[in-house]
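Here is what each chain is made of, one letter per residue.
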Amino acid sequence: TMVTGVSSPLSTVTLCSHSTSVTLSGVEEDATYTITGLANNTVSAAGPLAAQIIAKTSPSAPSATPQNVNVDNIGTTSIMLSWRQLPLLLRNGPILGYSVTYNMITLNATSNLHLKIINLLPNSDYNISVAATDFA
């Protein structure tokens, strides 16, 4: 059974007797929902309430990449990479860290806005990307 438009604080979903699951759609990102089951039949309008389930939806990924990425040479085999935070409206939740990828290697720079990359080959080109993450 598909449920749409679950936007009000109290939404009721009626399932067929043979249904064992339901998919809730139209829910908000990074939101907490309380779900309670209630059984009924043709004799009684309502049976006892089932245990409540607390469910939290995931935040969406950031809408952009970090701003003003700069590379400074600090030696023949090392660079210092730095960047600025995303604007608040593009974060889609708290930024918990950054990852830097180059030559199929991914480094986690935690919450720092810079990362020193060492052991590079002299006089070589590298494609480097920086991404913000808002979930663990």
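Here, the structure is the one placed above.
Residues numbered from 1 in each chain as written. Predicted model: local features only at pLDDT ≥ 70, side-chain atom pairs only at ≥ 80, totals over all residues. Heavy atoms only, no water.

Undergrad: Just checking my understanding: could you explain the overall build of the protein chain for this structure?
TA: The secondary structure content of the protein chain amounts to one helix and 10 strands. Scanning the protein chain from its N terminus toward the C terminus, one meets helices and strands in the order β-β-β-β-β-β-α-β-β-β-β. By residue count, 18% of the 136 residues in the protein chain fall in the buried class. Expressed as a percentage of contacts within the protein chain between residues at least 6 apart in sequence, the contacts between residues at least 24 apart total 49%. (Helix = DSSP H or I, 4+ residues; strand = E, 2+ residues; numbered from the N terminus. Buried < 20%, exposed > 50% of the residue type's maximum accessible area, 1.4 Å probe, protein only. Contact = heavy atoms within 4.5 Å.)

Undergrad: Quick question: what am I supposed to make of the nonpolar core here?
TA: Side chains that are nonpolar tend, in soluble globular proteins, to be buried together. In this structure, Ile-79, Leu-81, Trp-83, Leu-86, Tyr-98, Val-100, Tyr-102, Leu-115, Ile-117, Leu-120, Val-130 and Ala-132 together form the largest nonpolar core, which totals 12 residues. Looking at this core, the elements with two or more residues in it are strand S6 (79-84), strand S7 (97-102), strand S9 (114-117) and strand S10 (128-133). (Core = buried A, V, L, I, M, F, W, Y, C linked by side-chain atoms within 4.5 Å.)

Undergrad: Is there a simple way to think about the side chain of Ser-78 in this case?
TA: Locating Ser-78 in the fold gives a position in the loop between strand S5 (67-73) and S6. Take Ser-78: its relative accessible area is 13%, and that puts it in the buried class. Setting aside residues up to four positions removed in sequence, Ser-78 forms contacts with Asn-73, Ile-117 and Ile-118.

Undergrad: Any chance you could explain the sheet that holds S10 here in plain terms?
TA: Two modes of strand pairing occur in sheets, parallel and antiparallel, and in both the strands are linked by backbone hydrogen bonds. Spatially, three strands are ordered S8-S7-S10 in an open sheet, and the strand pairing comes out antiparallel. Both outer strands of the open sheet, strand S8 (105-108) and S10, are each paired with one neighbouring strand and no more. Strand-to-strand, the axes of this sheet are offset by a mean angle of 20 degrees, without reference to chain direction. Relative to S8, S7 runs antiparallel, the two being bridged by four bridges. Bridged to Val-100 within S8 is Leu-107. (Pairing = 2+ DSSP bridges. Axes fitted to C-alpha atoms, helices over the stretch in contact; angles between N-to-C directions.)

Undergrad: Can you walk me through the environment of His-114 in this structure?
TA: Here His-114 shows up in strand S9. When its relative accessible area of 40% is taken as the criterion, His-114 is described as partly exposed. Expressed as a C-alpha distance, the spacing of His-114 and Met-80, which sit 34 residues apart in the sequence, is 7.0 Å.

Undergrad: How should the sheet that holds S5 be read in this particular structure?
TA: The three strands are arranged S5-S6-S9 in an open sheet whose pairing can be described as antiparallel. Every interior strand has two partners, whereas the edge strands, S5 and S9, have only one. The sheet shows a mean angle of 15 degrees between the axes of neighbouring strands, direction not considered.

Undergrad: So what exactly am I meant to see when it comes to unusual backbone geometry here?
TA: Leave glycine aside and you will find that most residues have negative phi; peptide bonds, for their part, are mostly trans. Even without being a glycine, Met-104 presents a positive backbone phi close to 65 degrees. Note on placement: Met-104 falls in the loop between S7 and S8. The exposure class of Met-104 is exposed, given its relative accessible area of 82%. Here Asn-123, not a glycine, exhibits a phi torsion of approximately 55 degrees, which is positive. Along the chain, Asn-123 falls in the loop between S9 and S10.

Undergrad: Where do I start with the side chain of Ser-99 in this structure?
TA: Its location among the elements puts Ser-99 in strand S7. In this structure Ser-99 comes out as buried when scored by relative accessible area, which is 14%. With near-sequence residues (within four places) excluded, Ser-99 lies in contact with Thr-106, Leu-107, Asn-108, Ser-129, Val-130 and Ala-131.

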